[in-house]
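If you want the building blocks of each chain, they are given just below.
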Amino acid sequence: RSRAMLVADKVHAKAVVTILKRRVEANKIERMEMVGDVKGQVVVIIDDICDTGGTLCKACNLLLEKGAKAVYACITHGILTHPCTDRVNECEALKELAITDSMSLDQHREKCPKLYPT
């Protein structure tokens, strides 16, 4: 079983949706597609790294366009390279971003009210 399914089972999620992305180079996505249905659902994105926030914000916007009621994100490693905090703040589709403390988040907390260190 996939890790996504294992996590979904642990949190009693109704479904797993996959977002496929095609990168043309680092930090540049050519296209993004979603497999699954999120209409009317509260969606939680689970990912390993958030660097510039571009991929995360594009994914949040895609989910909202496809009918998600709300989008939250949980990230393991928050690198948060500029302009990440600006992108997260400006991304209306993303309600909250929870990030583990594997890296220091002190300099980002005041700049980004959506940031929730765990």
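Everything below is about the structure shown above.
All chains use their own residue numbering, which begins from 1 and follows the written sequence. This being a predicted model, a pLDDT of at least 70 is required before a residue's local features are given, and a value of 80 or more before pairs of side-chain atoms are given or counted; all residues contribute to the totals for chains, interfaces and linings. With hydrogens and water stripped out, all remaining heavy atoms of the structure feed into the side-chain values.

A word on helix α2 (residues 54-65)
Per the convention used, a helix needs a DSSP run of H or I reaching at least four residues, while a strand needs a run of E reaching at least two, with both numbered from the N terminus. Expected span, for any helix, means 1.5 Å times one less than how many residues it has. With twelve residues, α2 should cover 16 Å at 1.5 Å per step; its first-to-last C-alpha distance of 16 Å lies within 8% of that length. A simple rule labels every residue: compare its accessible area, found with a 1.4 Å probe on the protein chains alone, to the largest value its type can have, and call it buried under 20%, exposed over 50%, or partly exposed in between. Within α2, the full set of buried residues consists of Gly54, Leu56, Cys57, Ala59, Cys60, Leu62 and Leu63. We call two residues in contact when some of their heavy atoms are within 4.5 Å. In this structure, the buried side of α2 is in contact with β1 (18-25), β2 (28-35), β3 (42-50), β4 (70-78), α3 (84-90) and β5 (94-99). In the stretch just after α2, Gly67 is the one whose phi turns positive, near 105°.

Section: the sheet that holds β5
Hydrogen bonds along the backbone pair up the strands of a sheet, which may run parallel or antiparallel. With parallel pairing, four strands are arranged side by side in an open sheet as β3-β4-β5-β6. Sheet topology places β3 and β6 (115-117) at the edges, where each strand pairs with a single neighbour. The mean inter-strand angle of the sheet, taken between neighbouring strand axes irrespective of direction, is 25°. Whether two strands pair depends on DSSP finding at least two bridges between them. The pairing of β4 with β5 spans five bridges and is classified as parallel. For Ile75, the partnering residue across the bridge sits in β5 and is Ile99. In this fold α2 packs onto β3, β4 and β5, with an angle of close to 165° to the strand it touches most, β3. With axes taken as lines fitted to C-alpha atoms, and helix axes fitted only over the stretch in contact, angles between N-to-C directions fall between 0 and 180 degrees.

Here's the deal with a nonpolar patch on the surface
Taken together, the side chains of Val7, Val11, Val42, Val44, Ile46 and Tyr72 define a hydrophobic patch exposed on the protein surface, amounting to about 530 Å² of accessible area. Considering every element that reaches the nonpolar patch, the biggest residue donor is β3, with three residues. Turning to its location among the elements, Tyr72 is positioned in strand β4. Grouping into patches uses exposed residues only, defined as over 30% relative accessible area, and leaves out salt-bridged ones; the cut-off is 9 Å for like charges and 5 Å for nonpolar side chains (Val, Leu, Ile, Met, Phe, Trp, Tyr). A 1.4 Å probe and the Shrake-Rupley method give the accessible areas. Residues count as covered only by the protein chains that appear here. Criterion for a salt bridge: a side-chain nitrogen of Lys or Arg within 4 Å of a carboxyl oxygen of Asp or Glu.

A look at the pairing of β5
A clockwise course of the path from the first strand over the helix to the second, judged with the strands pointing away from the viewer, identifies a crossover as right-handed. Taken together, β4, α3 and β5 form a β-α-β motif whose crossover is right-handed. Pairing of β5 with β6, which is carried by three bridges, proceeds in the parallel orientation. Each bridged residue has a counterpart across the sheet, and for Ala98 the counterpart in β6 is Tyr116.

Details of the nonpolar core
Across soluble globular proteins, you tend to see nonpolar side chains buried next to one another. The set of buried Ala, Val, Leu, Ile, Met, Phe, Trp, Tyr and Cys residues whose side-chain atoms join them within 4.5 Å is what this entry labels a nonpolar core. Core analysis: the largest hydrophobic core is formed by 28 residues, its most contacted members being Ile45, Leu56, Cys60, Leu63, Leu94 and Leu97. Within the residue set of this core, elements represented by two or more residues are β2, β3, α2, β4, α3 and β5. Ranked by residues supplied to this core, first place goes to α2 with six residues.

Things to note about unusual backbone geometry
Excluding glycine, most residues fall at negative phi; most peptide bonds, likewise, are trans. Across the junction of His82 and Pro83, the peptide omega takes the value 15°, indicating a cis bond. Within the secondary structure layout, Pro83 lies in the loop between β4 and α3. Phi is positive for His12, close to 60°, though the residue is something other than glycine. Along the polypeptide, His12 turns up in the loop between α1 (3-10) and β1. For His12, a relative accessible area of 70% translates into the label exposed. The backbone of Leu80 shows a phi angle near 55°, a positive value even though the residue is not glycine. Tracing the chain through its elements places Leu80 in the loop between β4 and α3.

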